[in-house]
Amino acid sequence: MPSLLRPTFLSGVILLIIVSGGGYYLSGGGIKYMNWRDSLISEATVKRNLVSDKFTYKELDGYIMSVRYHLIYNRKDILLWEVLGKLSLNNNDIETALISFNQAYIISGRYSHKVLYIRALIEKNTYESLGKAQGLLEEMLIDFPEDMQLNEMLSVCFVLQKKYSSAVLIWNNMMGRLDVNDYRYNLLKNRLQYFNKNIN
């Protein structure tokens, strides 16, 4: 996991977004928009950390309002859809997150956006959403059978659906692809030991 952003930086980004949103169609609105958007792109960690960072409700509302405002005039901006999805997850608004990530994937066709959509399905944690996530992951694993991230996400689906034997099978397969000195090997080993002791 990447380290969390410093609160002071986040507050600055939030303020920049709110201010630029309010003056979009005043003098230099287009330039303000590009400067605001570029501030997100230039800090790649922003996109990765928005789900993990904790905002106050007021900050979250302001951030989401500004992103939605810009999307009115920039419907095909992939980054805006991605950011809205991550902020919505942080705001416990799973449905908006699903719509946003799906829209980002429709526009971009990128693997990363499909993964974000599937993560939101898992986060929703209903019988229907987990079944859909499982189906999408199994389709992707046909093309990327050794993708550790996809295998891990599928194992989470199985655990949440109480399909424990299927999760164990995935973890054993993942261990078989790793060197014993890889830190992930020991993590999986410890997980299996805990699972066998406390769940089975």
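Up top is the structure.
As a starting point, this report considers the structure included with it. Per chain, residues are indexed from 1 in the order of the written sequence. Per-residue local features of the predicted model are confined to residues with pLDDT of at least 70, and side-chain atom pairs are confined, for both listing and counting, to 80 or more; whole-chain, interface and lining totals are unaffected and use all residues. Each side-chain value is derived from all of the structure's non-hydrogen atoms; neither hydrogens nor water enter the calculation.

1. With respect to the overall build of the chain
Helix and strand content of the chain: eleven helices and zero strands. For the purposes of this entry, the term helix denotes a DSSP run of H or I that reaches at least four residues, the term strand denotes a run of E that reaches at least two, and both are numbered from the N terminus. When the helices and strands of the chain are placed in sequence order, the string is α-α-α-α-α-α-α-α-α-α-α. With 200 residues in all, the chain has 44% of them scored as buried. It only takes one pair of heavy atoms within 4.5 Å for two residues to be counted as in contact. Residue pairs at least 24 apart in sequence account for 53% of intrachain contacts in the chain once pairs closer than 6 positions are excluded. Buried means the residue's accessible area, taken with a 1.4 Å probe over protein chains only, is under 20% of the maximum for its type, while exposed means over 50%, and partly exposed covers the values in between.

2. What about the environment of Ile-64?
With respect to the element layout, Ile-64 can be found in helix α4 (residues 57-73). We classify Ile-64 as buried; its relative accessible area is 11%. Along the sequence, Ile-64 and Lys-86 sit 22 residues apart, while their C-alpha atoms lie 9.9 Å from each other.

3. Digging into the environment of Leu-160
Structurally, the position occupied by Leu-160 is in helix α9 (residues 148-160). Residues within four places of Leu-160 in sequence aside, it is in contact with Ile-122, Asn-125 and Leu-130.

4. A word on helix α7 (residues 111-124)
Expected span, for any helix, means 1.5 Å times one less than how many residues it has. When the terminal C-alpha atoms of α7 are compared, their 20 Å separation across 14 residues agrees well with the 20 Å that a helix rising 1.5 Å per residue should span. Along α7, the residues that are buried comprise His-113, Lys-114, Val-115, Leu-116, Tyr-117, Ile-118, Ala-120, Leu-121 and Ile-122. Taken together, the buried residues of α7 touch α5 (78-90), α6 (94-108), α8 (127-143) and α9. One or two steps after α7, the chain reaches Asn-125, where phi turns positive at roughly 55 degrees.

5. Brief notes about the packing of aromatic side chains
Two rings from Phe, Tyr or Trp (for Trp, the six-membered ring) form a pair when their centres sit within 6.5 Å of each other. Planes less than 30 degrees apart are called stacked, planes more than 60 degrees apart edge-to-face, and all others tilted. Counted according to the given criterion, the structure contains four aromatic pairs. Ring geometry for Tyr-111 versus Phe-144: centroids 5.8 Å apart, planes at 75 degrees, classification edge-to-face. Residue Tyr-111 is located in helix α7, and its partner Phe-144 is located in the loop between α8 and α9; the two are separated by 33 residues in the primary sequence. Cluster of aromatic residues (ring-pair linked, three or more members): Tyr-164, Trp-171 and Phe-195.

6. Some thoughts on the side chain of Ser-129
Inspection of the secondary structure puts Ser-129 in helix α8. Think of a polar contact as two N or O atoms within 3.5 Å of one another; within protein, one of them needs to be a possible hydrogen donor and the other a possible acceptor, and neighboring residues in sequence only count if both atoms come from side chains. Here Leu-121 takes part through its backbone oxygen, which lies 3.0 Å from a polar atom of the side chain of Ser-129.

7. Focus on the nonpolar core
We define the nonpolar core as a collection of buried residues of types Ala, Val, Leu, Ile, Met, Phe, Trp, Tyr and Cys that are connected through side-chain atoms lying within 4.5 Å of one another. Core analysis: the biggest nonpolar cluster contains 35 residues, and Phe-101, Ile-118, Ile-122, Leu-137 and Trp-171 have the highest contact counts within it. Elements with a contribution of two residues or more to this core: α6, α7, α8, α9, α10 (164-177) and α11 (183-198). Among the elements that line this core, the one with the most residues is α7, at seven residues. Each residue touching Phe-101, except ones within four places of it in the same chain, is listed here: Glu-82, Gly-85, Lys-86, Leu-89, His-113, Leu-116, Tyr-117 and Ala-120.

8. Observations regarding the pattern of salt bridges
Basic side-chain nitrogens of Lys or Arg form a salt bridge, by our definition, when they fall within 4 Å of a carboxyl oxygen of Asp or Glu. Here the structure, examined in full by the defined rule, presents four salt bridges. Among the ionic pairs, Lys-86 bridges to Glu-82, the shortest N-O distance being 3.1 Å. Of this pair, Lys-86 and Glu-82 both sit in helix α5, four residues apart, roughly one helical turn. Here Glu-152 and Arg-191 are joined by a salt bridge, their closest N and O atoms 2.9 Å apart. Of the two residues, Glu-152 is situated in helix α9 and Arg-191 in helix α11; the sequence distance between them amounts to 39 residues.

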